[in-house]
Amino acid sequence: MGIRDRLSVLLAEAPPGAEAIEHDGVWWTWGQVQRTAREVGDVLDTAGAGAGGRVGVVLENRPEHIAVVAAVIASRRCLVMLSPLQPAARLTADVTRCAPPVVVSGPEPLAREGVLAAVTGHGTALELGLDGAVRAIGGTTPTGTPTSPGIAVEMLTSGTTGPPKRVRLRDEQLDQALVSGGQTPKSGRLLSGSASLVAAPLVHIGGLWRALACLATGRRMVLLPRFAVEPWADAVQRHGLRAANLVPAAIRAVLDADVPAERLASLQVVTSGTAPCPAELADAFFHRYGIPILMTYGATEFAGAVAGWTLPLHQRWWRRKAGSAGRAFPGVDLRVTGDDGTELPAGRTGRLEVRTEQSTKGGRTWVRTSDLARIDTDRFVWIEGRADDAIVRGGFKVQPETVRRALESHPSVREAAVAGLPEPRLGEIPVAAVETEPGQPPPTADELVALCRKQLLPYEVPAHVVVLDALPRTPSGKVGRTELLDLVRARLAHPTTA
């Protein structure tokens, strides 16, 4: 049974009094989820968004938003995910660019400057209340708008292959991803008594996949607005969770907070994805809590993870393969190729390619990633860097080009350069240096950071900005990344010279 059919059954047959989603200490029942889903469906029908219709959702980590996701996917419409984390101008641009004929959103994003006008400029705006009530607040759904049959989710991603783009996830991709991850319901059981924790943003593939996994298996969902150590540890302890997920930065945060081991005693494993988890970090967590970290490797384009560790693999191989991303999951083929596309032998480093039904291109086509990797003779995958220059900050990808454009929008900045500075807790952080425009008053670093906060997502804002008369350059005239990072480190060590 695919995810669309599974959600249809739950919305029709789940006991109304059963607990479905805990949020801020309050449970939403399946009856509340079903009521909101029915109301959403009725309003979408009235608005003219039928089967295959594209429905934009400004998706927040709230139970009523989960109900909307379930309603859209179960009704064979296409969920067009819009991020509330974006500043108003970028959310407006995203809405205008992808132009869904109907957009569902909580009140706050629609109140931002320009957002409501962008929605009603080409479609209908539906406001979703905290109680799950839905009402049209403006606009008209255009007739004859393109539909997306067979596409379950369309989401924005920085991906592994370059600048941010929209990725369309087919029904089969989500179904295969859930099967590969072992997220299928037990035979004859509609709901499960166990619970799972969702702390990642729902607008990213990690958060969406975990929410769909809860729904697919009938598990109760503990939904956090965002990750924070204390609420996360509290949820683990109260619900006796056996498994949880933490990105590397969150693993460090738990260790740094020195959470007592007895609070995490129920956990048998912690999975980790979105960014490489250093072996020494995984070992530190294991030595502190006796809980193995199971790394995974994947991307939005693959609807989640395509390789990773399992508990049996960890028990047998960890001492010899610590630091590996694990092995390919069932239904996934991996290979490493050279610049000419020729497959390389075991142990050689090249570009990682993936073939799986989880791919946007189907299960017969090899997809070339931007990750450099090697596959050893025991079929373990080792990620050794990226062919592109994306910065992974605590699991979130930052494109230097996006940050550069924001800095160069300042009238006193002639040119900016951005690079990733290694950082123990987050893996990398974006840092920048700018070359000032002659004849203009030079900006301060604080001024440039404030400018970035207005234009960028929080994790894209550079942690440090150095203002220079001239950027460091290689003999070819390019800005040298090594020299840039050395300069930033020097300024951090001697801030009075900035």
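Remember, predicted model here, so these are calculated numbers, not experimental data.

Conventions we followed
- Residues numbered from 1 in each chain as written.
- Predicted model: local features only at pLDDT ≥ 70, side-chain atom pairs only at ≥ 80, totals over all residues.
- Heavy atoms only, no water.
- Pairing = 2+ DSSP bridges.
- Helix = DSSP H or I, 4+ residues; strand = E, 2+ residues; numbered from the N terminus.
- 1 Å grid on protein atoms, 1.4 Å probe; cavity = no way out; pocket = protein on both sides within 12 Å on 5 of 7 lines; lining within 4 Å.
- Points joined across faces, edges and corners; volume = space filled by probe spheres on them.
- Nonpolar A, V, L, I, M, F, W, Y, C, P; charged D, E, K, R; others polar.
- Axes fitted to C-alpha atoms, helices over the stretch in contact; angles between N-to-C directions.
- Parallel < 35°, antiparallel > 145°, perpendicular 65-115°, else oblique.
- Left-handed = near helix turned anticlockwise from the far one by under 90°.
- Contact = heavy atoms within 4.5 Å.
- Core = buried A, V, L, I, M, F, W, Y, C linked by side-chain atoms within 4.5 Å.
- Buried < 20%, exposed > 50% of the residue type's maximum accessible area, 1.4 Å probe, protein only.
- Polar contact = N/O pair within 3.5 Å; in protein donor to acceptor, adjacent residues only side chain to side chain.
- Phe/Tyr/Trp six-rings, centres within 6.5 Å; stacked < 30°, edge-to-face > 60°.

A. Quick look at the sheet that holds strand β15 (residues 304–308). Read from one edge to the other, the open sheet built from five strands follows the order β12-β13-β14-β15-β16, with strand pairing classed as mixed. At either end of the open sheet lies a strand with only one pairing partner, and these are β12 (243–245) and β16 (327–328). Bridging between strand β14 (residues 293–299) and β15 involves four bridges; their strand directions are antiparallel. Along β15, the bridge assignment pairs Gly 298 with Ala 305.

B. Just the layout of surface pockets, in detail. Taken as a whole, the second largest pocket encloses approximately 370 Å³ of empty space. At the level of elements, α13 (400–408), β23 (413–423) and α15 (481–493) are the ones that each hand at least two residues to the lining of the second largest pocket. When its residues are assigned to classes, the lining of the second largest pocket shows nine nonpolar, two polar and seven charged.

C. Looking closely at the packing of helix α1 (residues 3–13) against helix α3 (residues 63–74). The contact between α1 and α3 brings their axes to 8 Å, and the two run at 120°. Comparing the axis directions of α1 and α3 gives the class oblique. When the axes of α1 and α3 are compared, the crossing they make is left-handed. Of α3, the residues touching α1 (which contributes Ile 3, Arg 4, Leu 7, Ser 8 and Leu 11) are Ala 70, Ala 71, Val 72, Ile 73 and Ala 74. Of the residues contributing to the contact of α1 with α3, the split by class is eight nonpolar, one polar and one charged.

D. Empty space enclosed by the protein, seen in detail. Counted under the stated rule, the structure contains two cavities of 30 Å³ or more. Approximately 50 Å³ is the volume found for the largest cavity. Lining the largest cavity are Ala 20, Ile 21, Trp 30, Val 33, Ile 66, Cys 214, Leu 215, Arg 219 and Met 221. For the lining of the largest cavity, the elements supplying multiple residues, two or more each, are β1 (19–23), α2 (30–47) and α8 (205–217). When its residues are assigned to classes, the lining of the largest cavity shows eight nonpolar, no polar and one charged. Volume-wise, the second largest cavity comes out at about 30 Å³.

E. Representation of the packing of helix α7 (residues 171–180) against α8. Running from N to C, α7 and α8 cross one another at 75°; their axes reach a closest spacing of 11 Å. The angle between α7 and α8 places the two elements in the roughly perpendicular class. Taken together, the residues of α8 that come into contact with α7 (itself represented by Leu 174, Ala 177 and Leu 178) are Trp 209, Leu 212, Ala 213 and Ala 216. Here the contact of α7 with α8 is built from residues that sort into seven nonpolar, no polar and no charged.

F. The nonpolar core, seen in detail. Counting residues in each nonpolar core, the largest one holds 59 residues, and the members touching the most others are Trp 30 and Val 153. Setting aside chain neighbours within four positions, we find Val 153 in contact with Ile 73, Cys 78, Leu 79, Met 81, Val 167, Arg 168, Leu 169, Leu 174 and Leu 208. Membership of the second largest hydrophobic core comes to 38 residues, among which are Leu 197, Leu 241, Leu 281 and Met 295.

G. Expanded view of the side chain of His 23. Structurally, His 23 can be placed in strand β1. Separated by 3.0 Å, the side chain of His 23 and the backbone oxygen of Asn 61 make a polar contact. Residues contacting His 23, with those up to four places away along its chain left out, are Asn 61, Arg 62, Pro 63, Leu 223 and Pro 225.

H. Local environment of the sheet that holds strand β17 (residues 332–337). The strand order β17-β18-β19-β20 describes an open sheet built from four strands, whose pairing is antiparallel. Each having just a single partner strand, β17 and β20 (381–386) make up the two edges of the open sheet. Ignoring strand direction, the axes of neighbouring strands in this sheet form an average angle of 50°. Note that strand β19 (residues 367–375) and β20 share five bridges and pair antiparallel. Paired with Ala 373 across the two strands is Ile 383, which belongs to β20.

I. Structural detail: the side chain of Arg 112. Secondary-structure assignment places Arg 112 in the loop between α5 (107–111) and α6 (115–120). Within the local environment of Arg 112, its side chain forms a polar contact with the backbone oxygen of Gln 86, the two atoms lying 2.8 Å apart. Discounting chain neighbours no more than four positions away, the residues touching Arg 112 are Pro 84, Gln 86, Ala 88 and Leu 91.

J. Quick look at the environment of Ala 216. Considering the arrangement of structural elements, one finds Ala 216 in helix α8. A residue is classified by how much of its surface remains accessible, and Ala 216, at 5% relative accessible area, is buried. Those residues in contact with Ala 216 that sit more than four places away from it in its chain are Ile 3, Arg 6, Leu 178, Gln 183 and Pro 185.

K. Representation of the packing of aromatic side chains in the model. Applying the stated rule across the entire model yields six aromatic pairs. Their ring planes at 45° and their centres at 5.2 Å tell us that Trp 309 and Phe 380 sit as a pair that is tilted. With a gap of 71 residues between them, Trp 309 in the loop between β15 and α12 (311–321) and Phe 380 in the loop between β19 and β20 connect regions that are remote in the sequence. Using a relative accessible area of 4% as the deciding quantity, one classes Trp 309 as buried. Residue Phe 380 is classed as buried on the basis of its relative accessible area, which comes to 0%. Judged by centre distance (5.3 Å) and plane angle (55°), the ring pair of Trp 317 and Phe 380 falls under tilted. Of this pair, Trp 317 sits in helix α12 while Phe 380 sits in the loop between β19 and β20, and the two are 63 residues apart along the sequence. The pair Trp 317 / Phe 380 is uniform in exposure class, with both members buried.

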